[in-house]
Amino acid sequence: MAVPAADAVAGPPRGLGRLWHRQLDRYPRTGPRIFHLGLTVLCTVVLYYELYVQGSVATKIIADFGFSWTEFVLVLVIGNAAGAFASLAAGLADRYGRANIVVGGLIISGAIIAFGLPNAGSKGTYTTLFAVLSVVEGAALVATPALIRDFSPQVGRGVAMGFWTLGPVLGSLIVTRVATETLDSHPNWEFQFYVCGAAGLVVALIALLGLRELSPRLRDQVMVSIRDRELVEARAAGLDPDAALKGHWRQMLRTDILAPAVAISTFLILYFVLVAFIVVYFASVFGFSEQTSNSIANWYWVTNAIALVLAGVLSDRFRVRKPFMLAGALISLVGVALFASAATDPGTTEGTFKAYFVVAAFGGGLAYVAWMAAFTETIEKHNPAATATGLAVWGWTIRAVVTVSFAALLLVVPATSPLVDDGPRVQRIAAAYPEQVEVLDRIDPEVLAGLQADPADQQAQVRALTAISGLPAEQVARAVTLAATYEEELATAQVIDPGTLLALSGDPDDEAAQRRAVAAITAGLGVSPEEATERLAALGEVPPADATFLLTSGQPVLAAVAELESIAEIPASDLRVLAESGQDVREAQEDAPGQWQTYWWIAFAGQVLFIPLIFLMSGHWSPRRAREDELAHEQFVAAELARLQASRGGGGGAPGAPV
C-alpha cells in the first residue's frame, strides 16, 4: 500500500532548523495559505522598492558622484544585464526551492541598500554594488512569482497574481511617496536609501522566521481549484521530483513560452523607463521639480495598483484571461498615445499628465495581471514541475529587453546628455545673471570668443552690437566710430537734460540753457564748474550731424554697448561654462521633447506587439467554455479520488502522474 505524502517524511523541523528547512509537506489550509501568499507579496514589494529607490533621487546621485548621463544609464544597463542572467540561474528554484532564495535575497539587498550604496565612495563602487543588487534581485524576483503560483490554484490565480503584481507598483509608489514627503526636510539622497534599507531588513527578518514553501511533490502538480487539495496530497507520495524535472529547460523553450515573454517585456518598456527616468524626464523637458515629478508618478502607480487587483478579481470571476489582456492593451495604447503626443507641447500641465497616466496605468494593470496568470497556466500545461524554470525564461527576457531599451535611450534621446550633464550649471548661471545671459544668447559664440580674446576688436564689437540691437551693421558701425571719437563729449551729453540740449542746439548762446547744462555736468560727472564749462564748450565743437545721430539713432546702439559691457559681471569661470556648454544646452532643450516623443512612440509600438501574441497563450476567450472545463475537471477529481480510495482499500498504490 502506498504511503501518503504526510507520512513519507519526518515531522516539521524544530528550533534553528526552521530557518533553512522551509518545506511544507501538506497543502496549507486557507488561513496559513493566505499568510504565505501575503508574506510573499510583502517580500516582492520590498524587493522592488529597493530596486527602484534610486530613481526618485537620480538627479542628486548624478550630481553627487559626478556621473555623466551616459555613465548613469550604463549603471542601469550593467545592472539589468547582470540581473537577467541571475534570473536564469533562479530556474534552480525548481530543484532547490524558492523560499531560501527570497530570504537570502532580502538580507543581502537590504544590507546593500542600507549600508553599501549610501557609503559608496566612487562611481566604480556604486556601479559594482548596484550590479550585485541587481543580481540578487534578479534571482529573488523569479522565486516570488513561483511561490505565488505554488500557493494559488488556477481558480484564484488571477487574484493572487493581482496582489503579486502589486509588488513593482507598490514598490514604485512607496519610492515616490517617501520622496515626495521627505525630500524637502531631507534633501540628501542617502536618506532615501537609509529608509528603504531599514524597511528591507525588517521584512527580511519577518521572512526569515515565517516564509515557507510547498515540498516538490506538492508543487509539481497542477491544482485547478482548492477542492483539488485532497487529490494533490494523495498523489504526492507517488511523484519523483527528479524525474519530473528531466528536460525541463527544453520544455520551457517553446514558442508559447518565449513569444509571450518577449511580448510582455516590450509591453512594459514604458513602465520601466518611467520607474528609472520619470524624474529626469520631467525635470529636463518640463522643468518640474523632483517633488512634482514624483507626485505626478504617484497617479500612475495608484491607478495601476487598483487595476491590478480589479483585473485579478474579474478574470477569476469569469474564468478567462485573454479578454482582459486585449482590453487592457487597447486602453493602455490610448493613454500612451496621449502621453507621447504631449511630449512636444511645453504647455502641458501636471494635471494633464496625471490624466494620461491614469488611462495608461489602468489599461496596463488589466493586461499585466491577466498575462501573469495566463503565463503560469501556460507553463503548467507543459510541466508544472518547471514553474520556476519557465519564470526564469520570463525573468531573463524582461531584463534583457529592459537592458536593450535603456541602452537605446542613449541613441534615441541624445539631447538628455547635455541637459543632465551641463544643464543644472547653465541654469544656475542663468538664474544668477538673467539679463546678461539673455544678452549672451543673442551673440554668436564665435563672435563672443573673438571679443574675449581681444576686447578691442572693433569688427567683433560691431557684429556683437548688431546682434544685440537688431540694427543694421552700417548704423552700428557709425555709432561705434562716433562714440569712440567723441567719447568724452558723449559722456557729457548723456548727463544733460534733452530739453536743455535741444535749447542749446537752437541757440548756442542761450545763457540760461548754458547754466542748466553746466550744473547738470557738475552734478552728473562730479567735476568743478570750470571743468564743466570746458566740457560743454568741447561738446559744442562736435559737428551737429554727428551729435544729432549720436543722440537719436545712436542711442539704441549705445544701450547695446551698455548691455555688452554688463557681461563682464559674470565670473570668468561661469563664462567658460556658458561658452563651452551653453549652446549645446540650448540646442538640447529644443531637441529633447521631439527625441523623447520618438522614444515614447517606440514604447507604444512595444505594446502593439503584445496584442497578437496573446493568442499563443493557454486559456479560453469564452467564460462559458472555461466554466464547462472547470465542471469537467471537478467531475474528474471526484472520480479520481473515488478510484484512489478504492485502490487503497484493495492494497494498490496511488498513481504518480500529475493531475
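Residues numbered from 1 in each chain as written. Predicted model: local features only at pLDDT ≥ 70, side-chain atom pairs only at ≥ 80, totals over all residues. Heavy atoms only, no water.

Participant: Quick question: what am I supposed to make of the overall build of the protein here?
Facilitator: Looking only at helices and strands, the protein has 33 helices and 2 strands in total. The globule rule puts the C-alpha radius of gyration for 659 residues at 26 Å, and the 36 Å found for the protein is more than 25% above it. Summarising its shape, the C-alpha atoms of the protein cover approximately 140 × 50 × 35 Å along the three principal directions. For the protein, with 659 residues in total, the buried portion stands at 53%. The long-range share in the protein, meaning contacts at least 24 apart out of those at least 6 apart in sequence, stands at 84%. Accessible surface computed for the protein: about 26,900 Å², of which carbon and sulfur atoms make up 62%. Looking at charge distribution, the protein has the averaged site of its 44 positive side-chain charges lying 26 Å from that of its 62 negative ones. (Helix = DSSP H or I, 4+ residues; strand = E, 2+ residues; numbered from the N terminus. Rg over C-alpha atoms; globule rule 2.2 N^0.38 Å. Buried < 20%, exposed > 50% of the residue type's maximum accessible area, 1.4 Å probe, protein only. Contact = heavy atoms within 4.5 Å. Areas by Shrake-Rupley, 256 points an atom, 1.4 Å probe, with all protein chains shown as cover. Lys, Arg positive; Asp, Glu negative; His and termini not counted. Charge placed at Lys NZ, Arg CZ, Asp CG, Glu CD.)

Participant: I would appreciate a short explanation of the nonpolar core in the present structure.
Facilitator: Proteins that are soluble and globular tend to have nonpolar side chains buried together. Counting residues in hydrophobic clusters, the biggest one holds 202 residues, and the most contacted among them are F277 and W600. At 16 residues, helix α15 (residues 269-286) tops the list of elements feeding residues into this core. Setting aside residues no more than four positions away along its own chain, F277 makes contact with W69, F72, V73, L76, F406, L409 and W596. With 5 residues, the next largest nonpolar core counts L231, V637, L641 and L644 among its residues. (Core = buried A, V, L, I, M, F, W, Y, C linked by side-chain atoms within 4.5 Å.)

Participant: Looking at this model, I keep getting lost on the environment of S332. Mind explaining?
Facilitator: Mapping S332 onto the fold places it in helix α17 (residues 322-341). Measuring from C-alpha to C-alpha, the distance between S332 and A367 comes to 8.6 Å, with 35 residues separating the pair along the chain. In contact with S332, other than residues within four places in its own chain, are F267, V359, A360, G363, G364 and Q607.

Participant: Would you mind going over the packing of helix α21 (residues 423-432) against helix α32 (residues 572-613) with me for this structure?
Facilitator: What describes two packed helices is the angle between their axes and the distance between those same axes. Two numbers describe how α21 lies on α32: the axes approach to 9 Å, and their chain directions differ by 110°. Accordingly, the angle class assigned to the pair α21 and α32 is roughly perpendicular. Both α21 and α32 take part in a crossing whose hand is left-handed. From α21, G423, R425, V426, Q427, R428 and I429 reach across to α32, where they touch D574, V577, L578, S581, G582, V585 and Q589. (Axes fitted to C-alpha atoms, helices over the stretch in contact; angles between N-to-C directions. Parallel < 35°, antiparallel > 145°, perpendicular 65-115°, else oblique. Left-handed = near helix turned anticlockwise from the far one by under 90°.)

Participant: How should I be thinking about a negative patch on the surface in this particular structure?
Facilitator: A cluster of acidic side chains, namely E487, E488, E530, E531 and E534, defines a negative patch on the protein surface. Counting residues per element, the ones that place at least two in the negative patch are α26 (487-494) and α29 (529-540). Ranked by residue count, the leading element in the negative patch is α29, at 3 residues. Within the secondary structure, E530 is located in helix α29. When its relative accessible area of 55% is taken as the criterion, E530 is described as exposed. (Patch = residues over 30% accessible without salt bridge, like charges linked within 9 Å, V, L, I, M, F, W, Y side chains within 5 Å. Salt bridge = Lys/Arg side-chain N within 4 Å of Asp/Glu carboxyl O.)

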